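Residues per chain are reported as follows:
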Amino acid sequence: MAADGSRSTACTGSSLLQPVSEITNLPLDQVNFVVCQLCALLSAFWFRLFLHPSKTSPFIRHVVATLLGLYFALFCFGWYALHFLVQSGLTYGIMILTGVEHMHKYCLLVALSYLSLCQITRVYVFDYGMYSADFTGPMMVITQKITSLAFEIHDGMARKEEHLTPGQKILAIRRMPSLLEYFSYNCNFLGILAGPTCSYNDYIAFIEGDPRRHRDHEADRKPNGKLRQSEPSPNTEVVRKVATSFLCLLVFLSVCKVFPVERNIDDDFIANTPFYAQVVYLYLSMLTTRPKYYFVWTLADAINNAAGFGFNGYDSDGYPRWDLISNLRILNIEFATSFKVFLDNWNIQTAHWLKRVCYERCPYHPTAATFILSAMWHGAYPGYYLTFLTGIVITLAARAVRHNVRPHFLQSPSHKLVYDVITWAATQIAICYTVVPFILLSVGPSIKFYRSWYFGLHIGCVLLAVALPVKPRHLRLKDQKKKLPQEPVQHHLEASDSNCSQKEKTTRQTTKNNRV
């Protein structure tokens, strides 16, 4: 908890909504956050209707988006919101003063170090274990944006075109952003409180009124092959996402206290509960923690869509897709049949950031490096590191099983169904087992939980990873290049980012071929 009352007020920003906090029995900072997000939703509609690119200049849109973002940040976090400006200002100075050859490395080091310093101070000096809204949350998103921007500038201004991957070519930035563009990208009201992260090119194209200009226009066509010219309305999608987010909030508030995660380490529970019942309870207790993330990320996505940001072309039936910067796919998460599918659909934009900044560029042990960077980015709680270190082992084991076992179950639909049921159950248990320290935060309770399971999944996954052969990553990439025909650049980017997008594009390509 905070050291004193004044400290708590400073952390939570404005106390204007204190009566609402007392009525709802929710922390003031969380009430401020939800109210600001609802105000951001209304502001997004106003921004799209009255500050549309056809009615005003990009300069005005940048200024308004930035000022609104800073106001919401001050309302939620008080003067701690100044950290957003300091972190952004420091890294912009680095971009200007250092050459494009090395700026991406310096920006990653400085942005991540500044974030880590703030996280360590908040955790170990002020309110260890206070799992609530805090000013380092928005800084995590800003860190992603700063580092993504630095790498994209490096790709666009320091590397040769032939050395870039298809995805890097699309996102590469060919000129240095102005100070206003930079702060607008980092601190705009659409994403300053909860994200999601987006690429700089996508954001600038949205501000200037041409959101698909640098992307493949194949997705912008109707089923009859004609290119659509009119801007689709996001209203239906916004209503759906807002309804989904508040349904998730209702579910969370209803069941979060029914299955407390802490009961998994209760001595009486461990001693008197059969192991199969412990497994079921673990699944239920972790299942009830997810709706709060669904609420936050779905509402954040709706805010961006309401402003007209997030359009991603049309699907094969001609309906507009508003998933360009979506952060999760709930059904794909709950019915994931592999560790990878779960991670591909959970916190999607963070996964993209880790992939583009670390995994694609790390020459040695990219999986381990990516999980370690993710742990450092998440914060200073030891439980985070236990979760991501466990995730390394489980990812390697899951990859080995998929490469060696799955082909034997693809001979018939019934065998495939059996495989899917087994891997769904195994995936859910593995995810829950991995994430427990992320919720418990501390080393002692986390180790107590793993000890109650005799470190079973750790041992089993290490044995699987060692016993089952898997080709090195560079050999797998070579095999994929041999098997896959040459396809549009945008298809490669979205196929690598999302399994669901891959399926939709495959359907669209098949439809096109049939027409031809």
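Residues numbered from 1 in each chain as written. Predicted model: local features only at pLDDT ≥ 70, side-chain atom pairs only at ≥ 80, totals over all residues. Heavy atoms only, no water.

*Asks:* Just checking my understanding: could you explain the overall build of the chain for this structure?
*Replies:* Looking only at helices and strands, the chain features 25 helices and zero strands. Per-residue burial for the chain yields a buried fraction of 49% across its 516 residues. Within the chain, contacts between residues at least 6 apart in sequence are counted, and of these 72% link residues at least 24 apart. (Helix = DSSP H or I, 4+ residues; strand = E, 2+ residues; numbered from the N terminus. Buried < 20%, exposed > 50% of the residue type's maximum accessible area, 1.4 Å probe, protein only. Contact = heavy atoms within 4.5 Å.)

*Asks:* Explain the UniProt feature "transmembrane region" (unreviewed entry) in the chain to me, please; I cannot follow it from the model alone.
*Replies:* Under the local residue numbering, the UniProt record ascribes the feature "transmembrane region" (unreviewed entry) to residues 31–51, 63–86, 106–125, 383–401, 421–441 and 453–470. The span residues 106–125 is 100% helical and 0% strand by assignment, and the distance between its end C-alpha atoms comes to 27 Å. The annotated region residues 453–470 carries 67% helix and 0% strand content, and the separation between its end C-alpha atoms amounts to 28 Å. (UniProt positions renumbered as here; feature names shortened; annotations may be inferred.)

*Asks:* So what exactly am I meant to see when it comes to the packing of helix H18 (residues 366–378) against helix H19 (residues 382–404) here?
*Replies:* To characterise two packed helices, one gives the angle between the axes of the helices and the distance between these axes. Where H18 meets H19, the axes come as close as 9 Å, and the angle between the chain directions of the two elements is 155°. Taken together, the axis directions place H18 and H19 in an arrangement best described as roughly antiparallel. Remark: the crossing between H18 and H19 carries right-handed chirality. In contact with Thr367, Ala368, Phe371, Ser374, Ala375, Met376 and His378 of H18, H19 contributes Tyr384, Tyr385, Phe388, Gly391, Ile392, Thr395 and Arg399. Grouping the amino acids of the contact of H18 with H19 by side-chain chemistry returns eight nonpolar, five polar and one charged. (Axes fitted to C-alpha atoms, helices over the stretch in contact; angles between N-to-C directions. Parallel < 35°, antiparallel > 145°, perpendicular 65-115°, else oblique. Left-handed = near helix turned anticlockwise from the far one by under 90°. Nonpolar A, V, L, I, M, F, W, Y, C, P; charged D, E, K, R; others polar.)

*Asks:* Looking at this structure, how should I read the side chain of Asn201?
*Replies:* Residue position: Asn201 is located in helix H10 (residues 200–208). By relative accessible area, which is 15% here, Asn201 ends up buried. For Asn201, the side chain forms a polar contact with the main-chain oxygen of Ala172, separated by 3.1 Å. (Polar contact = N/O pair within 3.5 Å; in protein donor to acceptor, adjacent residues only side chain to side chain.)

*Asks:* What is the right way to look at the pattern of salt bridges in this model?
*Replies:* Note on pairing: side chains with opposite charge can pair once their charged atoms come close. One pass over the structure, following the stated rule, counts 14 salt bridges. Between Arg122 and Asp134 there is a salt bridge, with the nearest N and O atoms lying 3.1 Å from each other. Placement of Arg122 in helix H6 (residues 103–126) and of Asp134 in the loop between H6 and helix H7 (136–157) is noted, with a sequence separation of twelve residues between them. Judged by its relative accessible area of 15%, Asp134 is buried. In this structure, the salt-bridge partner of Arg321 is Asp323, at a minimum N-O distance of 3.4 Å. For Arg321, a relative accessible area of 5% gives the class buried. Salt bridges sharing partners connect three or more residues here, namely Glu237, Arg240, Lys241 and Asp301. (Salt bridge = Lys/Arg side-chain N within 4 Å of Asp/Glu carboxyl O.)

*Asks:* Even after reading the chapter, I still don't get helix H13 (residues 275–287), so can you show me in this structure?
*Replies:* Within an α-helix, residues lying three or four positions from one another point in the same direction, as the helix has 3.6 residues per turn. When the terminal C-alpha atoms of H13 are compared, their 18 Å separation across 13 residues agrees well with the 18 Å that a helix rising 1.5 Å per residue should span. Next to the buried residues of H13 lie helix H12 (267–272), helix H14 (290–306), helix H20 (413–440) and helix H21 (443–452). (Expected span 1.5 Å × (residues − 1).)

*Asks:* In this structure, what is going on with the environment of Tyr419? I would like to understand it.
*Replies:* Of note, Tyr419 is situated in helix H20. Taking the relative accessible area as the measure of exposure, Tyr419 reaches 7% and is therefore buried. Spatially, the C-alpha atom of Tyr419 lies 6.4 Å from that of Phe409, the residues being ten residues apart in sequence. For Tyr419, the contacting residues outside a window of four places in its chain are Arg402, Val405, Arg406 and Phe409.

*Asks:* Explain unusual backbone geometry to me, please; I cannot follow it from the model alone.
*Replies:* Most peptide bonds are trans, and most residues other than glycine sit at a negative phi. With an omega of 0°, the peptide bond between Gly195 and Pro196 qualifies as cis. Inspection of the secondary structure assignment puts Pro196 in the loop between helix H9 (179–187) and H10. With a phi angle near 75°, Leu441 is a residue other than glycine that sits in the positive phi range. Structurally, the position occupied by Leu441 is in the loop between H20 and H21. When its relative accessible area of 5% is taken as the criterion, Leu441 is described as buried. Not every positive phi belongs to a glycine, and Tyr454 is a case in point at roughly 55°.

*Asks:* Can you walk me through the packing of aromatic side chains in this structure?
*Replies:* Taken as a whole, this structure holds 37 aromatic pairs when the rule is applied. Ring geometry for Tyr433 and Tyr450: centres 4.6 Å apart, planes at 45°, overall tilted. In this pair, Tyr433 sits in helix H20 while Tyr450 sits in helix H21, placing the two residues 17 residues apart along the sequence. The exposure classification of Tyr433 matches that of Tyr450, with both residues buried. Grouped by ring-pair contacts, the aromatic residues Phe47, Tyr185, Phe189, Tyr200, Tyr203, Phe206 and Phe309 constitute a single cluster. For the cation-ring pair, Lys145 lies above Tyr185, with the distance from its terminal atom to the ring centre recorded as 5.4 Å. Lying across the ring of Tyr281, Arg263 places its NZ or CZ 5.2 Å from the centre. (Phe/Tyr/Trp six-rings, centres within 6.5 Å; stacked < 30°, edge-to-face > 60°. Lys NZ or Arg CZ within 6 Å of the ring centre and 35° of its normal.)

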